[in-house]
Amino acid sequence: GWLQNEVALITGGGSGLGLALVERFLQEGASVAVLERSAEKCADLEQKFAGKVLAIQGDVCSAADNQKAVAATVARFGKLDCFIGNAAVWDHGARLINTSIEQLDTGFDELFAINVKGYLLGAKAAAAELVKSCGSMIFTLSNSAFYAEGGGPLYTASKHAAVGLIRELAFELAPKVRVNGVGPCGMKTDLRGPQALGQQDTRIMDSRSPDAIKAILPLQFFPEPEEFTGPFVLLASRQNNQTLTGVMINADAGLGIRGIRNVAGGLEL
Ligand code: NAD
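Treat the numbers as computed from the prediction; the structure is a model and nothing was measured.

### Quick look at the nonpolar core
Alright, step 1. Judged by nonpolar contacts, the single largest core of 41 residues is most densely connected at Met137, Phe139, Leu169 and Val179.
Alright, step 2. Setting aside residues up to four positions removed in sequence, phenylalanine 139 forms contacts with Phe83, Gly85, Tyr119, Ala123, Ile166, Leu169, Val179, Asn180, Gly181 and Val182.
Alright, step 3. If you look at the next biggest cluster of nonpolar residues, it comprises 37 residues, including Ile138, Leu217, Phe228 and Ala251.

This is the structure:
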């Protein structure tokens, strides 16, 4: 495995992409800890991976919970090599015009607290250990970190903010710690929205369909969460990544090279 003897802490590792990362990092030889809000998902992790995964129940919006997660990871595995900020919520594309000003007000506070403050506090809690290990941070972005209409203004702004965080931290933590991002496109996960928008029980596939996602992607398939894990392994791997920092990998099946008239130029090939 590419991550033999490495220790990773993944936020939101209870389902979706985070869970796929837990499985892939274990396969690659890493020890894995998870900071996850859902107690039920924490129990599932402990059961499914019987002693191999340390699940810490807590909220990424809480400074104390981030510190607790890092301390528990180091207590259990002896060090921390990779922090993956991944827990987030979506906004189901709630648009400016269709959303009340009260919902934008409270929705911003809730969504930004998870998607942006959560990344910042996780980075802060992990930084000293990562400086010690000369490790790395990886943050989950989205096509919404680069383009419109992958969410509404709340989500799109939050993912753009994460790009700024990555650039700033990559600068501040060089030369000791590499800081990078991976921006997936749509996938079927448990991704939900803020309570402030009444979306706490609404999942991404309630408002998007696999066929619609596949249709807009130049590579013309609907990726599974596992299919986004490769770039994370690359960025975390010491052998494979000596030189990437402050880099965002657009793992979005080619959205950036969509044609103006055709989604893909080679459909007849
Ligand atoms: P998911 O809901 O399956 O996974 C996110 C996990 O984070 C959940 O287990 C959830 O319980 C947890 N979580 C939420 N808020 C938390 C908090 N405050 N504290 C601790 N844990 C919390 O969704 P996912 O799609 O796997 O999301 C993972 C990442 O992928 C997110 O950053 C998301 O923005 C990004 N992403 C998802 C898609 C998609 O289509 N699903 C597309 C692009 C990017």
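### So, the environment of glycine 18
Alright, step 1. Along the chain, the position of glycine 18 falls in helix H1 (residues 16–27).
Alright, step 2. Look at glycine 18 and you get buried, because its relative accessible area is 0%.
Alright, step 3. Taking the C-alpha atoms as reference, glycine 18 lies 19 Å from phenylalanine 77; in sequence the two are 59 residues apart.
Alright, step 4. Those residues in contact with glycine 18 that lie beyond four places of it in its chain are Ile10, Gly12, Gly13 and Asn86.

### A short note on the side chain of serine 158
Alright, step 1. Here serine 158 is to be found in helix H5 (residues 153–173).
Alright, step 2. For serine 158, a relative accessible area of 1% corresponds to the buried category.
Alright, step 3. Apart from residues no more than four positions distant in its own chain, serine 158 is found in contact with Leu111, Phe112, Asn115 and Val116.

### Describing the sheet that holds strand E3 (residues 53–57)
Alright, step 1. With respect to topology, 7 strands assemble into an open sheet ordered E3-E2-E1-E4-E5-E6-E7, the strand pairing being parallel. If you trace the sheet from one side to the other, it starts and ends with E3 and strand E7 (248–251), each paired once. Mean inter-strand twist for the sheet, computed between neighbouring axes without regard to direction, equals 15°.
Alright, step 2. Pairing geometry for strand E2 (residues 31–36) and E3, over 5 bridges, is parallel. Across the sheet, the residue bridging to alanine 33 is leucine 54, located in E3.

### Overview of the site of the ligand
Alright, step 1. Taken together, 28 residues lie around the ligand, and Ser15, Glu36, Asn86, Tyr155 and Thr189 are the ones closest in.
Alright, step 2. Measuring from an oxygen atom of the ligand, one finds a side-chain N or O atom of lysine 41 at 2.9 Å.
Alright, step 3. About the coverage of the ligand: the protein hides 96% of its 820 Å² of free accessible area.
Alright, step 4. The class makeup of the residues in the shell around the ligand is 13 nonpolar, 9 polar and 6 charged.

### Brief notes about H5
Alright, step 1. Spanning 21 residues, H5 covers 30 Å between terminal C-alpha atoms, matching the ideal 30 Å at 1.5 Å per step.
Alright, step 2. Three or more residues of H5 are buried, namely Leu154, Tyr155, Thr156, Ser158, Lys159, Ala162, Val163, Leu165, Ile166, Leu169, Ala170 and Leu173.
Alright, step 3. Buried residues belonging to H5 abut helix H4 (101–133), strand E5 (136–140), strand E6 (178–184) and E7.

Cut-offs used in this document
- Every chain is numbered independently, its residues counted from 1 as its sequence is written.
- Side-chain atom pairs in this predicted model are given and counted only at pLDDT of 80 or more, local residue features only at pLDDT of at least 70, and totals for whole chains, interfaces and linings cover all residues.
- As a convention, hydrogens and water are excluded, and side-chain values are obtained from all of the structure's heavy atoms.
- Only buried residues count toward a nonpolar core. Its members are Ala, Val, Leu, Ile, Met, Phe, Trp, Tyr and Cys residues joined through side-chain atoms within 4.5 Å.
- Burial classes follow relative accessibility: with a 1.4 Å probe on protein chains only, a residue under 20% of its type's maximum area counts as buried, one over 50% as exposed, and anything between as partly exposed.
- Throughout, a residue-residue contact means that at least one pair of heavy atoms, one from each residue, lies within 4.5 Å.
- Numbering goes from the N terminus for both helices and strands, where a helix is a DSSP run of H or I of at least four residues and a strand is a run of E of at least two.
- The criterion for strand pairing is that DSSP finds at least two bridges linking the strands in question.
- Each axis is a line fitted through C-alpha atoms, and for a helix only the stretch in contact is used; angles between axes span 0 to 180 degrees, taken between their N-to-C directions.
- A single heavy atom is enough: if one lies within 4 Å of a molecule or strand, its residue is considered near that molecule or strand.
- Think of a polar contact as two N or O atoms within 3.5 Å of one another; within protein, one of them needs to be a possible hydrogen donor and the other a possible acceptor, and neighboring residues in sequence only count if both atoms come from side chains.
- In these tables, accessible area is a Shrake-Rupley quantity obtained with a 1.4 Å probe, and a residue counts as shielded only by the protein chains included in the view.
- Three classes are used: nonpolar for Ala, Val, Leu, Ile, Met, Phe, Trp, Tyr, Cys and Pro, charged for Asp, Glu, Lys and Arg, and polar for all others, with Gly counted as polar.
- Expected helix span is taken as 1.5 Å per residue step, with the number of steps being one fewer than the number of residues.

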